[in-house]
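Close look at the chain arrangement
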Amino acid sequence: MSRAAQFSEANTVLFDLDNTLFDHNNSLIQGLSAVKIRFPSYFSRFDLNHIRSAYNHALEEAYQKYLKGDITYDLKDILKVRIFFKSLGLPEPDDIGVHAFRQAYDTAYMSSRRATSGTIEALTYLKDQGYTLGILTNGQKHEQTAKADAIGIGRLVDEVLTSEELGSAKPSPTIYEKMLEHLRRRPYEVVMVGDSIESDIKGALKVGIIPVLYDPKESHKQIFVDQQLVWVINKMTQLLKHL
């Protein structure tokens, strides 16, 4: 199928949030840099890339436990810090230590929030062209909405749909089906843009939604996912060539 034909009936564009519209990696680096400065006796021996890798693994492990219903959302953040310390061979922090870590990290993380390259421009154009725009993200409604507002895109999107309110998380087809029902759209009318092949691309393909992979480092314009060709963009303004 040609690109023009594939996108010809699309009237709605949904985006993942973290590392798609929101530059999570930048904020993460700023947060961990602040932690290294605040707690040199713990972290000065580790380079930033090593710390970032360990923190990402801890974040993912804790988040999967939350998605499975094993822990609450608030406990997820506490567990994340303790897993992180353990993975670095550091003593497990008590509640006071976890609080101090989170205070240093969260302050720097939140103050450095920004949109990814071309996001404001692309969303503004698509909104002016009459597309329905939305965010489909795993997480809490209040947290993800606040994040969208902080990076200047809250005013540009019509919906912020989260796993919390839809009762299912990406990559389950259920969250995509519930999204379609909520928006009253057919799969071929919806484009899903995201950075995760597992959560965003495979999830969309399972229900017939048109996927676009956002990957600033991918050199190919198309890749195969589950034996289907998927378009790739390196920055958000490249999406405009498809729509």
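Nothing here was measured: the structure is a model prediction, and the numbers come from that model. (Residues numbered from 1 in each chain as written. Predicted model: local features only at pLDDT ≥ 70, side-chain atom pairs only at ≥ 80, totals over all residues. Heavy atoms only, no water.)

Here the focus is the pattern of salt bridges. Throughout the structure, instances matching the rule amount to 12 salt bridges. Its salt-bridge partner being K127, residue D158 comes within 3.5 Å of it at the nearest N-O pair. In this pair, D158 sits in the loop between helix 8 (141-150) and strand 3 (159-162) while K127 sits in helix 7 (residues 119-128), placing the two residues 31 residues apart along the sequence. Classification of K127 as partly exposed rests on a relative accessible area of 32%. When the shortest N-O distance is used, the salt bridge between K202 and E198 registers 2.9 Å. Of this pair, K202 and E198 both sit in helix 11 (residues 197-206), four residues apart, which is roughly one turn of that helix. Given a relative accessible area of 46%, E198 falls into the partly exposed group. Linked by salt bridges that have partners in common, K76, D77, K80 and R102 make up one network. (Salt bridge = Lys/Arg side-chain N within 4 Å of Asp/Glu carboxyl O. Helix = DSSP H or I, 4+ residues; strand = E, 2+ residues; numbered from the N terminus. Buried < 20%, exposed > 50% of the residue type's maximum accessible area, 1.4 Å probe, protein only.)

Another aspect to go through is the packing of aromatic side chains. Taken as a whole, this structure holds 16 aromatic pairs when the rule is applied. With centroids separated by 6.0 Å and ring planes inclined at 85°, the aromatic side chains of F84 and F85 adopt a geometry described as edge-to-face. In this structure an aromatic cluster arises from ring pairing among F22, Y42, F43, Y55, F84, F85, F101, Y105 and Y109. Geometry around Y73 places K76 over its ring, the cationic atom sitting 4.3 Å from the centre. (Phe/Tyr/Trp six-rings, centres within 6.5 Å; stacked < 30°, edge-to-face > 60°. Lys NZ or Arg CZ within 6 Å of the ring centre and 35° of its normal.)

That bond from K170 to P171 is cis: its omega, 15°, falls within 30 degrees of zero. Its place among the elements puts P171 in the loop between helix 9 (163-166) and helix 10 (173-183). Even without a glycine there, the phi angle at N19 is positive, about 65°. Positionally, N19 belongs in the loop between strand 1 (12-15) and helix 2 (24-38). The backbone of Q227 shows a phi angle near 65°, a positive value even though the residue is not glycine. With respect to the element layout, Q227 can be found in the loop between strand 6 (222-225) and strand 7 (228-233). Classification of Q227 by relative accessible area gives exposed; the value is 76%.

A word on the pairing of strand 1. Across the two faces of strand 1 the burial is the same, with T12 and L14 and V13 and F15 all buried. Where strand 1 meets strand 2 (residues 132-137), four bridges bridge the pair, whose relative direction is parallel. When the bridges of strand 2 are listed, V13 appears paired with L133. Across four bridges, the pairing between strand 1 and strand 4 (residues 190-194) is parallel. Looking at strand 4, one finds that F15 is bridged to V193. (Pairing = 2+ DSSP bridges.)

This next bit is on the packing of helix 2 against helix 4 (residues 48-67). Close contact between helix 2 and helix 4 brings their axes to 10 Å; oriented N to C, the two are set at 115°. One finds that helix 2 runs roughly perpendicular with respect to helix 4. When you trace helix 2 past helix 4, the crossing you get is right-handed. Residue-level contacts link H24, L28, I29, L32, S33 and K36 of helix 2 to L48, I51, R52, Y55, N56 and L59 of helix 4. (Axes fitted to C-alpha atoms, helices over the stretch in contact; angles between N-to-C directions. Parallel < 35°, antiparallel > 145°, perpendicular 65-115°, else oblique. Left-handed = near helix turned anticlockwise from the far one by under 90°. Contact = heavy atoms within 4.5 Å.)

With that settled, the discussion passes to the nonpolar core. If you look at the biggest cluster of nonpolar residues, it comprises 51 residues, and the most contacted ones within it are F15, F43, F84, F101 and V193. For F43, the contacting residues outside a window of four places in its chain are V35, K36, I51, F84, F85, L88, L90 and F101. If you look at the next biggest cluster of nonpolar residues, it comprises 14 residues, including L161, Y176, V190 and A204. (Core = buried A, V, L, I, M, F, W, Y, C linked by side-chain atoms within 4.5 Å.)

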